[in-house]
Amino acid sequence: MNTLEEEGEIAADYIEGLLDIADLDGDIDMDVEGDRAVVSVVGATLDELVGEDGEVLEALQELTRLAVHRRTGIRARLMLDVGGFRARRRSELAELGRSVAAEVERTGEPKKLRAMSPFERKIIHDAVASAGLRSESEGEEPNRRVVVFPAG
């Protein structure tokens, strides 16, 4: 078993334990995307595991990464998704990145976005770059935000 598969197995066991404790139903899918393990929980009533704007999901992901780290000694980059939240969020953010890039291109003025998690900022940066513009992150966590700049 490779390291990413092992991380996924440990994470899945940890999440399964949490679901049992919370008396929540959910099926767990594991995958490897690029250089990270991805563990997804799919099921009926999982909104409480996502929270408003995904902050509960972020916290669960950190706890899961810590659980994997305790077992392997390696800092895991695994991603946790619940009820497809991250997949939906990824497409919403990519669209936001494209529309902000178009606005900045049209106005020639830089634009600051609201504070976002590292996961969210990466998607915005990728969308802006594919539109041919430049973006940077500024500020300190948890108030770090993306600024989109006109080309050139």
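Residues numbered from 1 in each chain as written. Predicted model: local features only at pLDDT ≥ 70, side-chain atom pairs only at ≥ 80, totals over all residues. Heavy atoms only, no water.

**A closer look at the pattern of salt bridges**
Step number 1: Tallied over the full model, the rule gives 13 salt bridges.
Step number 2: A single network of salt bridges, built from pairs that share partners, joins Arg89, Glu92, Arg114 and Glu120. (Salt bridge = Lys/Arg side-chain N within 4 Å of Asp/Glu carboxyl O.)

**Thoughts on helix H3 (residues 85–107)**
Step number 1: Given a rise of 1.5 Å per residue, 23 residues ought to cover 33 Å, and the 32 Å separating the end C-alpha atoms of H3 matches this to within 8%.
Step number 2: Structurally, H3 contributes buried residues whose contacts are with helix H2 (55–72), strand S3 (79–82), strand S4 (111–115), helix H4 (118–130) and strand S6 (145–149). (Helix = DSSP H or I, 4+ residues; strand = E, 2+ residues; numbered from the N terminus. Expected span 1.5 Å × (residues − 1). Contact = heavy atoms within 4.5 Å.)

**Observations concerning the sheet that holds S4**
Pairing between the strands of a sheet is mediated by backbone hydrogen bonds and can be parallel or antiparallel.
Step number 1: Taken together, the three strands give an open sheet; going across it, the order is S4-S6-S5, and neighbouring strands pair in antiparallel fashion. Each edge of the sheet is formed by a strand with only one pairing partner; in this case those strands are S4 and strand S5 (134–138). Strand after strand, the sheet turns through a mean of 20 degrees between neighbouring axes, direction not considered.
Step number 2: Running over the sheet, H3 touches S4 and S6 and is turned about 155 degrees from S4. (Pairing = 2+ DSSP bridges. Axes fitted to C-alpha atoms, helices over the stretch in contact; angles between N-to-C directions.)

**Digging into the pairing of S3**
Step number 1: Side chains Met79 and Asp81 of S3 all project onto a buried face; the interleaved residues Leu80 and Val82 project onto the opposite face, where all are buried too.
Step number 2: In terms of strand pairing, strand S2 (residues 36–42) meets S3 through four bridges, oriented parallel. By the bridge assignment for S3, valine 39 is matched with leucine 80. (Buried < 20%, exposed > 50% of the residue type's maximum accessible area, 1.4 Å probe, protein only.)

**Overview of the packing of aromatic side chains**
Step number 1: The tally for this structure, following the rule as stated, stands at zero aromatic pairs.
Step number 2: Sitting over the ring of phenylalanine 119, arginine 86 keeps its end group 4.8 Å from the ring centre.
Step number 3: Just above the ring of phenylalanine 149 sits the side chain of arginine 134; from NZ or CZ to the centre is 4.3 Å. (Phe/Tyr/Trp six-rings, centres within 6.5 Å; stacked < 30°, edge-to-face > 60°. Lys NZ or Arg CZ within 6 Å of the ring centre and 35° of its normal.)

**Focus on a negative patch on the surface**
Step number 1: On the surface, Glu5, Glu9, Asp13, Glu16, Asp20, Asp23, Asp25, Asp27, Asp29, Asp31 and Glu33 cluster together into a negatively charged patch.
Step number 2: Elements that contribute at least two residues to the negative patch include exactly helix H1 (3–22) and strand S1 (27–33).
Step number 3: Of the residues forming the negative patch, the biggest block, five residues, is contributed by H1.
Step number 4: Positionally, aspartate 13 belongs in helix H1.
Step number 5: For aspartate 13, a relative accessible area of 49% gives the class partly exposed. (Patch = residues over 30% accessible without salt bridge, like charges linked within 9 Å, V, L, I, M, F, W, Y side chains within 5 Å. Areas by Shrake-Rupley, 256 points an atom, 1.4 Å probe, with all protein chains shown as cover. Lys, Arg positive; Asp, Glu negative; His and termini not counted. Charge placed at Lys NZ, Arg CZ, Asp CG, Glu CD.)

**Let's talk about the environment of glutamate 6**
Step number 1: By the element assignment, glutamate 6 lies in helix H1.
Step number 2: A relative accessible area of 34% means that glutamate 6 is categorised as partly exposed.
Step number 3: The sequence separation of glutamate 6 and arginine 114 amounts to 108 residues, and the corresponding C-alpha distance is 36 Å.

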